[in-house]
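Architecture at a glance
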Amino acid sequence: MKILMVSSEAVPYAKTGGLADTVSSLSAALAALGHDVRIVIPRYYSIDKSGLEQLPGAMGVPMGGCEEWSAVYTTLLPGSQKKPVRVYFIDHEAFFGRDGIYGTPSEPDFLDNPRRFSFFCRAAFQLCRKTGWYPDMLHAHDWPAAMAAVYLKFAERVRQSRGGFEKTSSLLTIHNLGYQGIYSRDNFDYTGLGWDVFYDAGFEDWNMMNLLKAGLYSADRLNTVSPNYASETMTGELGFRLDGVLRYRSADYSGILNGIDDSVWNPGKDPYLKDRYTADSMAGKAKAREALQKEFSLPPGKKFPIIGMVTRLTGQKGVGELFGPGYGSAWSICRDMDLQMVLLGSGEAWCENEVMSLSSRLSNFKAKIGYSEDLSHLVEAGSDFFLMPSRYEPCGLNQMYSLVYGTLPIVRNTGGLADTVENFNQETGSGTGFMFDDLTPEAIYNTIGWAVWAWYNRREQIDAMRIRGMRQDFSWEKSARKYEEIYRSFGERTEKA
């Protein structure tokens, strides 16, 4: 099957979050299953084109009232040479020759984003014509690529189109429903679609245009990144005003849990760990603990459990209830409990200031602002518990990393966290982590207290939970086969490229 991934991000080229990892890892896993998978992303200013191959000739892209021109570059996704995944880059200097993917610190959301990504999505079809390669499945990711599903339905699969996509089906994956691409409707003329499509495709949103909403109405199938999050997004609490649309499309909507790259996140192979370990030989985890304590200037030794965090310091991650001045529970946790706590992350300025203040005042809490790949691996390996008090979590990756590293998650019962962590039962010893329902400072405090109590009083059960988590399969192959089922449900073109 021929599959085109349309995305604003893909590692190692452009990344702001988990979307980039998902697109590249899923593409590689599908290619390994025998599919012809290609990715198209914008060629942002930060992507060095000197190592890319330029396709001959400029590419015209018809937009409303004009024809835009772009160059196209290509290369193979690193690590996919045996089962190659070709990556295409749409190069348009005015739209993408700037710092930032969606915005910059001074302009967090570019005003021309609806034009930038409408152009990009229309260019994906012109790319297929330029290369003579037409996909069976167009797989669009999040609001920046949602217009691809709209164009397919209302411009490319209609009689008056230039043809080539009559047998192409579309899947739109929601990675985070909280981001929808809502902009002034004054941008709609640039899409080149008629105003009848503005209403038929569901763009209208309180006199604005909502790109994701239009994609949800237009795509042949919809999915999101965990089964539980699929259910949550059809509720008023976590539906971000689109719960009605998703309930309307519920027969075509499902959740597939993301996988993790087990060639990178694997304590037995981890290139960032000096002493690797497995479920059958855990000595390396003790070494990682020592290295973690040294890195964060904590007293060495095995006397106290270590709770780790690697997170964005934003409201979605529950940092208000944990670090909010005067009401967050972090100070009380570190004051009242015999534990050590480390944090690696960045985000909202107030929270960065608060965690650094706590780090200077508490001997058992230490934080580093920023992100470091090697440190994130060390936190996962060296901690005993990993805290994720998320307000909502579409999938979450760190709880899966934690499980395979023998680090027990302490998580809120939401989204993909609920799909991947089994709550501890102290009567039977079953489970793989510790969970709480309500996002309150008290709930976080009590659940951490429960985990710490178990660490001191039920060590055999804690050790058994660690091994149980390390033996779980979170590979991308498992997830890719579920995507394959969705693709095949549309039928498969048999002609070769």
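Everything below is about the structure printed above this text.
Residues numbered from 1 in each chain as written. Predicted model: local features only at pLDDT ≥ 70, side-chain atom pairs only at ≥ 80, totals over all residues. Heavy atoms only, no water.

A separate point is the packing of aromatic side chains. Within this structure, the stated rule accounts for 32 aromatic pairs. A ring pair is formed by Phe95 and Phe119, whose centres lie 5.5 Å apart and whose planes are at 50 degrees; its orientation type is tilted. A residue pair is termed long-range when its members are at least 10 positions apart, and Phe95 in helix α2 (residues 93-96) and Phe119 in helix α3 (residues 113-131) qualify at 24 residues. Under the relative-accessibility criterion, Phe119 is labelled buried at 0%. With centroids separated by 5.9 Å and ring planes inclined at 50 degrees, the aromatic side chains of Trp143 and Tyr183 adopt a geometry described as tilted. (Phe/Tyr/Trp six-rings, centres within 6.5 Å; stacked < 30°, edge-to-face > 60°. Helix = DSSP H or I, 4+ residues; strand = E, 2+ residues; numbered from the N terminus. Buried < 20%, exposed > 50% of the residue type's maximum accessible area, 1.4 Å probe, protein only.)

Two side chains bearing opposite charge may form a pair once their charged atoms approach each other closely. If you walk through the whole model with that rule in mind, you get 22 salt bridges. In this structure, the salt-bridge partner of Arg38 is Asp36, at a minimum N-O distance of 3.4 Å. Taking the relative accessible area as the measure of exposure, Arg38 reaches 16% and is therefore buried. Using a relative accessible area of 26% as the deciding quantity, one classes Asp36 as partly exposed. Note that Asp384 and Arg466 form a salt bridge whose closest N and O atoms lie 2.4 Å from each other. One end of the pair, Asp384, is in the loop between α13 (373-382) and β17 (385-388); the other, Arg466, is in helix α17 (residues 459-470), and 82 residues separate them in sequence. Accessibility classification places Asp384 together with Arg466 in one group, the buried group. Residues joined in a network through salt bridges with shared partners are Arg289, Asp384, Asp463 and Arg466. (Salt bridge = Lys/Arg side-chain N within 4 Å of Asp/Glu carboxyl O.)

With that settled, consider the packing of helix α1 (residues 18-32) against helix α18 (residues 476-488). Viewed as axis vectors pointing N to C, α1 and α18 meet at an angle of 80 degrees, and their least axial separation amounts to 9 Å. Between α1 and α18, the crossing angle belongs to the class labelled roughly perpendicular. From α1, Thr22, Ser25, Leu26, Ala29 and Leu30 reach across to α18, where they touch Trp476, Glu477, Ala480, Tyr483 and Tyr487. For the contact of α1 with α18, the per-class residue count stands at 7 nonpolar, 2 polar and 1 charged. (Axes fitted to C-alpha atoms, helices over the stretch in contact; angles between N-to-C directions. Parallel < 35°, antiparallel > 145°, perpendicular 65-115°, else oblique. Contact = heavy atoms within 4.5 Å. Nonpolar A, V, L, I, M, F, W, Y, C, P; charged D, E, K, R; others polar.)

Right, let's get into the pairing of strand β15 (residues 340-347). Taking burial as the measure, the 8 residues of β15 include 6 buried ones, the bulk of the element. Summarising the sheet, strand β14 (residues 306-313) and β15 pair through 8 bridges and their orientation is parallel. Its bridge partner being in β15, Gly308 is matched across the sheet by Val342. Across 5 bridges, β15 lies against strand β16 (residues 365-369) in parallel orientation. Residue pairing across strands places Leu343 opposite Ala367, the latter belonging to β16. Note that the unit made of β15, helix α12 (residues 349-361) and β16 has a crossover that is right-handed. (Pairing = 2+ DSSP bridges. Right-handed = clockwise from strand over helix to strand, strands pointing away.)

Pairing within the open sheet is antiparallel, and its 3 strands lie in the order β9-β11-β10. Edge positions in the open sheet fall to β9 (182-184) and β10 (204-205), since each of these has one partner strand only. The sheet strands contacting helix α6 (residues 211-218) are β10 and β11 (208-210), and the helix crosses β11 at an angle near 50 degrees.

The next thing to look at is α6. Among the 8 residues that make up α6, 7 are buried, leaving the element largely enclosed by the rest of the structure. If you check the start of α6, you find a side-chain oxygen 3.2 Å away from the backbone N of Leu212, and it comes from Asn210. (Polar contact = N/O pair within 3.5 Å; in protein donor to acceptor, adjacent residues only side chain to side chain.)

So, on to the environment of Thr224. Looking at the secondary structure, you find Thr224 in strand β12 (residues 221-224). Those residues in contact with Thr224 that sit more than four places away from it in its chain are Ile174, Tyr229, Ala230, Tyr253, Ser254, Gly255 and Ile256. A polar contact of 2.6 Å, which involves the side chain of Thr224, links it to the backbone oxygen of Ile174.

Attention now moves to the sheet that holds β17. Spatial strand order, β16-β15-β14-β17-β18-β19: 6 strands in an open sheet with parallel pairing. With partners counted over all chains shown, the strands left at the sheet margins are β16 and β19 (434-436), one partner each. Mean inter-strand twist for the sheet, computed between neighbouring axes without regard to direction, equals 15 degrees. The strands that α13 touches are β14, β15, β16 and β17; relative to β14, the one it contacts most, it runs at about 145 degrees. Its contacts with the sheet put helix α16 (residues 441-457) on β14, β17, β18 (408-412) and β19, and the angle it makes with β19 is roughly 160 degrees.

The next subject is α17. Taking 1.5 Å per residue, 12 residues should reach 16 Å; α17 reaches 17 Å between its end C-alpha atoms and fits that length. Listing the buried residues of α17 in full gives Gln461, Ile462, Met465, Arg466, Gly469 and Met470. The inward-facing, buried residues of α17 abut α9 (283-295), β17, α14 (398-404), β18, β19 and α16. (Expected span 1.5 Å × (residues − 1).)

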